[in-house]
Amino acid sequence: MLLHIPQVLSPAEVVDCRQRLNQAQWLDGRITAGSQSAKVKHNQQLPNDDEQAVAVRKVILAALEKNDLFFSAALPKRIFPPLFNRYSEGMTFGNHVDNAMRRITDTGEWVRSDLSATLFFSDPAEYDGGELVIEDTFGLHEVKLAAGDLILYPSSSLHRVEPITRGTRLASFMWLQSMVKDVGERGLLFDLDTSIRQIRAELGDTPTAVQLTGVYHNLLRKWGEI
Ligand code: NI
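Residues numbered from 1 in each chain as written. Predicted model: local features only at pLDDT ≥ 70, side-chain atom pairs only at ≥ 80, totals over all residues. Heavy atoms only, no water.

**Some thoughts on the sheet that holds strand E12 (residues 132-136)**
Step number 1: Pairing in this open sheet of five strands is antiparallel, and the strands run E3-E7-E15-E12-E13 from one edge to the other. The sheet terminates laterally at strand E3 (41-42) and strand E13 (139-143), the two strands that pair on one side only.
Step number 2: Bridge count for E12 against E13 is five bridges, and the pairing is antiparallel. Paired with Val 133 across the two strands is Glu 142, which belongs to E13. (Pairing = 2+ DSSP bridges. Helix = DSSP H or I, 4+ residues; strand = E, 2+ residues; numbered from the N terminus.)

**Regarding the packing of aromatic side chains**
Remark: the centre distance and the inter-plane angle together describe each pair of aromatic rings, the angle taken between the planes.
Step number 1: Within this structure, the stated rule accounts for two aromatic pairs.
Step number 2: A ring pair is formed by Phe 80 and Trp 175, whose centres lie 5.4 Å apart and whose planes are at 75 degrees; its orientation type is edge-to-face. In this pair, Phe 80 is assigned in the loop between strand E5 (76-79) and strand E6 (83-87) and Trp 175 in strand E17 (residues 169-178), connecting sequence segments 95 residues apart.
Step number 3: Overall, Trp 175 belongs to the buried group, its relative accessible area being 5%.
Step number 4: For the pair Phe 173 and Trp 175, a centre-to-centre distance of 5.5 Å together with 85 degrees between the ring planes defines the contact as edge-to-face.
Step number 5: Looking at Phe 173, the relative accessible area reads 12%, which means it is buried.
Step number 6: Through pairs of rings, three or more aromatic residues link up here, namely Phe 80, Phe 173 and Trp 175.
Step number 7: Here the guanidinium or amino end of Arg 102 rests over the ring plane of Trp 175, the centre of that ring lying 3.8 Å away. (Phe/Tyr/Trp six-rings, centres within 6.5 Å; stacked < 30°, edge-to-face > 60°. Buried < 20%, exposed > 50% of the residue type's maximum accessible area, 1.4 Å probe, protein only. Lys NZ or Arg CZ within 6 Å of the ring centre and 35° of its normal.)

**Thoughts on the side chain of Asp 114**
Step number 1: Along the polypeptide, Asp 114 turns up in the loop between strand E9 (110-112) and strand E10 (115-120).
Step number 2: By relative accessible area, Asp 114 is classed as buried at 12%.
Step number 3: Leaving out residues up to four positions away in the same chain, Asp 114 has contacts with Pro 154, Ser 155, Leu 176, Gln 177, Ser 178, Lys 181 and Arg 186. (Contact = heavy atoms within 4.5 Å.)

**Let's talk about the nonpolar core**
Step number 1: Ranked by size, the top nonpolar core spans 30 residues in total, and within it Leu 21, Ile 60, Phe 84, Leu 119, Phe 121, Leu 150 and Leu 152 carry the most contacts.
Step number 2: Contributing elements (two or more residues each) for this core: strand E1 (3-5), helix H1 (11-23), helix H3 (51-65), helix H4 (68-74), E10, strand E14 (150-154) and E17.
Step number 3: Tallying contributions element by element places H3 first for this core, with five residues.
Step number 4: Membership of the second largest hydrophobic core comes to 13 residues, among which are Tyr 87, Leu 132, Ile 134 and Ile 151. (Core = buried A, V, L, I, M, F, W, Y, C linked by side-chain atoms within 4.5 Å.)

**Examining empty space enclosed by the protein**
Unfilled space is identified by rolling a water-sized probe across the atoms.
Step number 1: Per the counting criterion, the structure on display carries one cavity of 30 Å³ or more.
Step number 2: By volume, the largest cavity is sized at about 260 Å³.
Step number 3: In terms of lining residues, the largest cavity is bounded by 26 residues, among which Phe 93, His 96, Asp 98, His 159 and Phe 173 are the most central.
Step number 4: Mapped onto the lining of the largest cavity, the elements with two or more residues apiece are E6, strand E7 (92-96), E10, strand E15 (158-161) and E17.
Step number 5: The dominant element in the lining of the largest cavity, judged by the number of residues it contributes, is E17, at six residues. (1 Å grid on protein atoms, 1.4 Å probe; cavity = no way out; pocket = protein on both sides within 12 Å on 5 of 7 lines; lining within 4 Å. Points joined across faces, edges and corners; volume = space filled by probe spheres on them.)

Everything listed here is a matter of geometry and, on its own, says nothing about what the molecule does.
In structure tokens:
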């Protein structure tokens, strides 16, 4: 499942974060790449402890915490601290699958990447190329979103960032481990939750809505792990 989550960050937050990121010290992006992806990766990244990166990371995590759509779709158990990348003209990141397991440097905790997310900081009009291309069982999807918007996609999918032919593309990316490992079960829970929200909005908390909410939680209890 690919899910577009609009306006994770407000326009004011985007402006503030961009100012911070522009002041940061950018390095060669191969610092977080595995040996396969290092060969196809050509971009810039911020070191983990960069002061500006730390500040923007907090803004992103706080925004995700209050985003109901993100929670419903991802059911996040653990989020690998968001990283940042920058692509200028000629830069690209070829086809790869994200590493399955990553260790958070500060805490030593492991994160299994069930879902990957990209949060856009540049508007599509600011650059040409740079589409995030994701392959899944339904084919190829080209993603290029407004600044402040986020795309959530399975970490198991092959993906790439097309070469930039004009301008600069600034983004944050992250991986997360879901409370529900199985992509099919997670998708069913998301569909059920979405339907329940609609029923409650249209009809209120009817006995049927309450019963369905119970079904949702009992399935989450059955399939989820914390
Ligand atoms: Ni990737």
